[in-house]
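# Understanding the architecture of this molecule
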Amino acid sequence: MVLYFSATGNTQFIATELAEKLGDECVDLLDRIKRSDLSEIRSEKPFIVCAPVYVCEMPRFLSKYLKRLKLSGNRKVYFIANSAGYSGITGYLAKRLFRKKKMEYMGHTEIIMPRNYFLGRYPPQTSDEIKKRLLSACDRLDETADLIKRGERLRGRHIFMFEKLITIPFNPVWTKYKMPTKDFFATDKCVSCGKCEKLCPLNNISIRDKKPVWGNSCSHCMACVGNCPADAIEYGSATKEKGKYSFRKYRHFLNERKHGEAEKSFSVNKNIPKRRNNG
């Protein structure tokens with residue numbers, strides 16, 4: 001069973017692709033997190049947990065939820081980190097989390113996807129750079145699915161002690177003081193659909209006078225910015241200058257690639273002579 005949280009669609013893509021390749025059930029944890037629903041999840045096959053990387057860890061609200069969630073049935077668990085190029089100590093913390101839950105940790109790997117967060121010093125990515133990352137991620141997903149099918153452990157990069165010493169005290173400070181919400185706002189393009197409110201994992205957005213209003217608890221997941229159907233949500237001048245990212249804008253690109261590969265395969269196969277049935 002594949003469990004995941006996704007903000008702008010990157011992790012959802014990883015999770016659903018893995019589930020399809022493995023013939024597994026796929027569960028989006030967003031609603032459960034929003035409602036603090038800790039009802040048991042059972043699977044007869046190994047669990048696969050997919051998560052984005054925020055400040056060198058999985059989102060803190062997600063790790064807190066997973067610590068309390070009861071997973072029953074199969075005791076094996078794989079962890080897949082979706083990062084923009086550096087997963088930090090995410091794998092180490094996932095290993096520690098699941099071992100405390102008395103589960104057999106089957107390793108972790110990192111899938112590099114397009115960056116959905118470019119506030120501050122992060123530069124925007126070109127469309128070609130995004131497509132290149134998506135194609136590379138598809139290859140990595142094929143390799144990962146094959147390893148899981150064979151029941152093998154995933155091998156993530158070595159995590160050095162200095163990374164743990166820096167990140168463990170740094171992450172909670174950064175997430176508390178360096179993720180302000182005062183720069184979020186909705187333009188006149190807002191259609192009051194309420195999608196941003198529904199997608200916020202921390203229930204930090206409410207609709208007032210037909211416009212979204214942000215509270216003080218934010219993970220900077222960018223779900224509100226990246227999924228607005230009217231493209232009405234901005235963060236200061238950063239989103240205007242650097243643009244925005246949502247996986248759905250590139251879904252057609254991967255669908256066309258899949259369709260093209262299927263057509264190519266069909267074209268090759270139809271030219272192969274059929275064998276006679278020897279009874």
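Before reading on, note that the structure itself is shown above.
Now for a look at the structure at hand. (Residues numbered from 1 in each chain as written. Predicted model: local features only at pLDDT ≥ 70, side-chain atom pairs only at ≥ 80, totals over all residues. Heavy atoms only, no water.)

Throughout the structure, instances matching the rule amount to nine aromatic pairs. Pairing F184 with Y235 gives two aromatic rings, centres 4.7 Å apart and planes at 75 degrees, and the pair type is edge-to-face. A residue pair is termed long-range when its members are at least 10 positions apart, and F184 in strand 8 (residues 184-186) and Y235 in strand 11 (residues 233-235) qualify at 51 residues. Across the pair, exposure class does not vary: F184 and Y235 are buried alike. Following the ring pairs from residue to residue traces out a cluster consisting of F184, W214 and Y235. (Phe/Tyr/Trp six-rings, centres within 6.5 Å; stacked < 30°, edge-to-face > 60°. Helix = DSSP H or I, 4+ residues; strand = E, 2+ residues; numbered from the N terminus. Buried < 20%, exposed > 50% of the residue type's maximum accessible area, 1.4 Å probe, protein only.)

With that settled, consider the side chain of T187. Its location among the elements puts T187 in the loop between strand 8 and helix 7 (195-199). Residue classification places T187 among the buried residues on the basis of a relative accessible area of 19%. Excluding anything up to four places from it in sequence, T187 contacts K211, A232 and E234. (Contact = heavy atoms within 4.5 Å.)

The next subject is the nonpolar core. Formed by 31 residues in total, the largest nonpolar core has its most connected members in L3, L29, L62, L66, F79 and F98. With four residues, the top contributor of residues to this core is helix 3 (residues 60-68). Leave out the neighbours within four places in its chain, and L62 touches F5, L29, I33 and A51. I148, L154, Y245 and Y250 belong to the second-largest nonpolar core, a separate cluster that totals 29 residues. (Core = buried A, V, L, I, M, F, W, Y, C linked by side-chain atoms within 4.5 Å.)

This part is about the sheet that holds strand 4 (residues 47-52). The strand order 2-1-4-6-7 describes an open sheet built from five strands, whose pairing is parallel. One side of each edge strand has no neighbouring strand; the edge strands of this open sheet are strand 2 (26-28) and strand 7 (104-112). Averaged over all neighbouring strand pairs, the angle between strand axes comes to 20 degrees, with direction disregarded. In terms of strand pairing, strand 1 (residues 2-4) meets strand 4 through three bridges, oriented parallel. Residue pairing across strands places L3 opposite V49, the latter belonging to strand 4. Along the sheet face, helix 4 (residues 90-100) touches strand 4, strand 6 (76-83) and strand 7 and points at about 155 degrees away from the line of strand 7. (Pairing = 2+ DSSP bridges. Axes fitted to C-alpha atoms, helices over the stretch in contact; angles between N-to-C directions.)

Turning to the environment of M222, a few remarks are in order. Within the fold, M222 resides in the loop between strand 10 (211-214) and helix 8 (223-227). Accessibility expressed as a relative area gives 5% for M222, which makes it buried. Separated by 26 residues in the primary sequence, M222 and C196 have C-alpha atoms spaced 9.7 Å apart. Leave out the neighbours within four places in its chain, and M222 touches T8, N116, Y117, L119 and F184.

Side chains that carry opposite charge are capable of pairing whenever their charged atoms lie near each other. Scanning the entire structure with this criterion turns up 16 salt bridges. The shortest N-O distance in the salt bridge between E104 and R153 comes to 2.9 Å. Remark: R153 occurs in the loop between helix 5 (127-149) and helix 6 (161-177) and E104 occurs in strand 7; sequence separation between them is 49 residues. Across the salt bridge formed by E234 and K244, the nearest N and O atoms sit 3.2 Å from each other. Of the two residues, E234 is situated in strand 11 and K244 in the loop between helix 9 (238-242) and helix 10 (251-269); the sequence distance between them amounts to ten residues. An identical accessibility class is assigned to E234 and K244; each is buried. Three or more residues joined by partner-sharing salt bridges are found here, namely K189, D231, E234 and K244. (Salt bridge = Lys/Arg side-chain N within 4 Å of Asp/Glu carboxyl O.)

Our next topic: the environment of C56. Along the chain, C56 turns up in the loop between strand 4 and helix 3. For C56, the contacting residues outside a window of four places in its chain are Y86, S87, G88, I89, T90 and T167.

Turning next to helix 3. Regarding helix 3, the residues found buried are F61, L62, S63, Y65 and L66. Tucked inside the fold, the buried residues of helix 3 contact helix 2 (30-35), strand 4 and helix 4.

Bringing unusual backbone geometry into the picture now. One non-glycine residue, S36, adopts positive backbone phi at about 55 degrees. Considering the arrangement of structural elements, one finds S36 in the loop between helix 2 and strand 3 (41-43). Residue S36 is classed as exposed on the basis of its relative accessible area of 52%. Backbone geometry places K210, a non-glycine residue, at a positive phi of 65 degrees. Within the secondary structure, K210 sits in the loop between strand 9 (205-208) and strand 10.

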